[in-house]
Amino acid sequence: AQKITQTQPGMFVQEKEAVTLDCTYDTSDQSYGLFWYKQPSSGEMIFLIYQGSYDEQNATEGRYSLNFQKARKSANLVISASQLGDSAMYFCAMRAGYSTLTFGKGTMLLVSP
Amino acid sequence: KAGVTQTPRYLIKTRGQQVTLSCSPISGHRSVSWYQQTPGQGLQFLFEYFSETQRNKGNFPGRFSGRQFSNSRSEMNVSTLELGDSALYLCASSSTPGQGTSGTYQETQYFGPGTRLLVL
């Protein structure tokens, strides 16, 4: 079974600053994938970034990067140059093999002007 | 390419009624998963379908059921609605379920806008 832990219920950041959202995971599988999703107040879950357990480089997608530390079982999301539109709920999730996608409880990010 | 679509977007029902929610995956995607999201329980997996077969099922009562059609569209049904069924129901699609053919990566699930169900 997989488990995702997001310890930050909420985070505040000023516009144009960088922010790190924490995520730790637990699994006994060697092959797995880690995902980050953004959920604005509208409800839609928007895929941001993916990191495979065998990927040697940290994933990056525009302003999003994933700080993957396999030995520590952490997969933190880094958002550079925050924008007002980044205010949303952020979920870390993982999947191994043909199991289901397991989500953390999420972190609410608020970006202030 | 069009994204995942879900209908209806909003629904109000009364206790005891039944409801059917629909999900059309991204073109070419054959795997569809359903999730229930509530403030108290967070995101909970309901079921996953691939090629019209249920592959995985979450820990929900038998009142929750689903199916997938030959065109990959999926429906979920909740019978005898209870107040606690009020939630956002999210559908997600991926090209295949779980890991890719090499076993070294996981297919990304792309979500629809959700259906907000309110049970009165």
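As the structure is a prediction and not an experimental result, all values here were calculated from the model.

Peer 1: Before we move on, can you summarise the state of the cysteines with the specific residues and values?
Peer 2: All names here are of chain A. Scanning the entire structure with this criterion turns up two disulfides over all chains. With its sulfur 2.0 Å from that of its partner, Cys-23 forms a disulfide with Cys-92. Measuring the twist about the S-S bond at about -60°, one finds the Cys-23-Cys-92 disulfide to be left-handed. With Cys-23 in the loop between β3 (19-21) and β4 (24-26) and Cys-92 in strand β10 (residues 88-96), this pair connects stretches of sequence that are 69 residues apart. Take Cys-23 and Cys-92: they sit in the same class, and that class is buried.

Peer 1: Give a detailed account of the pattern of salt bridges, specifying residues and quantitative values.
Peer 2: Per the stated rule, a full pass over the model turns up seven salt bridges over all chains. Of the charged contacts in the structure, one is a salt bridge between B:Glu48 and A:Arg95, with a shortest N-O distance of 2.6 Å. You can see B:Glu48 sitting in strand β5 (residues 42-50) and its partner A:Arg95 sitting in strand β10, one on each of two chains. Taking relative accessible area as the criterion, B:Glu48 reaches 0% and is therefore assigned buried. A relative accessible area of 0% places A:Arg95 in the buried class.

Peer 1: Describe in detail the packing of aromatic side chains, supporting the description with residues and values.
Peer 2: The final tally for this structure, using the stated rule, is 16 aromatic pairs over all chains. Ring geometry for A:Phe35 against A:Phe47: centres 6.4 Å apart, planes inclined by 65°, an arrangement best described as edge-to-face. Here A:Phe47 lies in strand β6 (residues 46-52) and A:Phe35 lies in strand β5 (residues 32-39), a separation of 12 residues in the sequence. Plain terms: the ring middles of A:Phe103 and B:Tyr35 are 5.6 Å apart, the flat faces sit at 90° to each other, and that makes the pair edge-to-face. Here A:Phe103 is found in strand β11 (residues 102-103), whereas its partner B:Tyr35 is found in strand β4 (residues 31-38) on a different chain. For A:Phe103, a relative accessible area of 11% puts it in the buried group. Through successive ring pairs, a cluster of aromatic residues spans A:Phe35, A:Tyr37, A:Phe47, A:Tyr50, A:Phe91, A:Phe103, B:Tyr35, B:Phe45, B:Tyr110 and B:Phe111.

Peer 1: Could you give an account of the interface of chain B and chain A, with specific residues and numbers?
Peer 2: Each partner contributes residues to the interface: chain B has 25 residues there, and chain A has 23 residues. Carbon and sulfur atoms supply 51% of the area buried between chain B and chain A, which totals about 2000 Å² over both sides. Applying the counting criterion to the chain B and chain A interface returns one salt bridge. Between the two partners, chain B and chain A, sit five residue pairs in polar contact (both at pLDDT 80 or more). Those elements giving two or more residues to the side of chain B that touches chain A turn out to be β4, β5, β6 (53-57), β9 (87-94) and β10 (110-111) of chain B. Of the residues assigned to the side of chain B that touches chain A, the class counts are 10 nonpolar, 10 polar and five charged.

Peer 1: Describe the nonpolar core, and please don't skip the residues or the numbers.
Peer 2: Note on soluble globular proteins: their nonpolar side chains tend to be buried together. Formed by 25 residues in total, the largest nonpolar core has its most connected members in A:Tyr25, A:Leu34, A:Trp36, A:Ile49, A:Leu77 and A:Tyr90. With five residues, the single largest contributor to this core is β10(A). With residues near it in sequence (within four places) discarded, A:Ile49 still touches A:Leu34, A:Phe35, A:Trp36, A:Ala59, A:Thr60, A:Glu61, A:Tyr64, A:Ser65, A:Leu66 and A:Leu77. With 21 residues, the next largest nonpolar core counts B:Leu21, B:Val32, B:Phe47 and B:Phe64 among its residues.

Peer 1: How would you explain the side chain of B:Glu48 if you had to name every residue and give the values?
Peer 2: Polar side-chain contacts of B:Glu48 include one of 2.6 Å to the side chain of A:Arg95. A distance of 3.3 Å separates the side chain of B:Glu48 from the side chain of B:Ser31, its partner in a polar contact. Residue contacts for B:Glu48: discarding those within four places in its chain leaves A:Arg95, A:Tyr98, B:Ser31, B:Val32, B:Ser33, B:Thr53, B:Gln54, B:Arg55, B:Asn56, B:Pro97 and B:Gln109.

Peer 1: Lay out the pairing of strand β11 (residues 115-119) of chain B with the relevant residues and their values.
Peer 2: Residues and elements named next belong to chain B. Only one face of β11 is covered, namely the one carrying Thr-115, Leu-117 and Val-119; the face carrying Arg-116 and Leu-118 has none of its residues buried. Sheet analysis places strand β2 (residues 10-13) next to β11, joined by four bridges and oriented parallel. From the neighbouring strand, Ile-12 faces β11, where its bridge partner is Leu-118. Sheet topology note: the β9/β11 ladder contains three bridges and is antiparallel. Among the inter-strand pairings, Tyr-89 is bridged to a residue of β11, identified as Thr-115.

What counts, and at which threshold
- Residue positions are given per chain, counting from 1 as you read along its sequence in written order.
- Written order determines the labels here, with chains lettered from A and ligands numbered from 1.
- pLDDT decides what is reported in this predicted model: residues at 70 or higher carry local features, side-chain atom pairs at 80 or more are listed and counted, and totals for whole chains, interfaces and linings draw on all residues regardless.
- Side-chain numbers come from the whole structure's heavy atoms, not from hydrogens or water.
- By definition, disulfides here are pairs of cysteine sulfur atoms that lie within 2.5 Å.
- Secondary structure elements are taken from DSSP: a helix is a run of H or I of four residues or more, a strand is a run of E of two residues or more, and numbering for both begins at the N terminus.
- The buried label goes to any residue with under 20% of its type's maximum accessible area, the exposed label to any with over 50%, and the partly exposed label to all in between, with areas taken from a 1.4 Å probe on protein chains only.
- What makes a salt bridge here is a side-chain nitrogen of Lys or Arg within 4 Å of a carboxyl oxygen of Asp or Glu, nothing more.
- Only Phe, Tyr and Trp rings are paired, with Trp represented by its six-membered ring, and only when their centres lie within 6.5 Å; those with planes under 30 degrees apart are stacked, over 60 edge-to-face, the remainder tilted.
- Residue contacts follow a heavy-atom distance rule, with two residues in contact if any of their heavy atoms lie within 4.5 Å.
- Summed over both partners, the accessible area lost on bringing two parts together, with a 1.4 Å probe, is the buried area.
- Any N or O atom pair separated by 3.5 Å or less is treated as a polar contact, with the protein-specific requirement of one donor-capable and one acceptor-capable atom, and with residues adjacent in sequence counted only for side-chain atom pairs.
- Here the term charged refers only to Asp, Glu, Lys and Arg, the term nonpolar to Ala, Val, Leu, Ile, Met, Phe, Trp, Tyr, Cys and Pro, and the term polar to all other amino acids, Gly among them.
- Definition used in this section: a nonpolar core is a set of buried Ala, Val, Leu, Ile, Met, Phe, Trp, Tyr and Cys residues joined via side-chain atoms within 4.5 Å.
- We call two strands paired when DSSP finds no fewer than two bridges between them.

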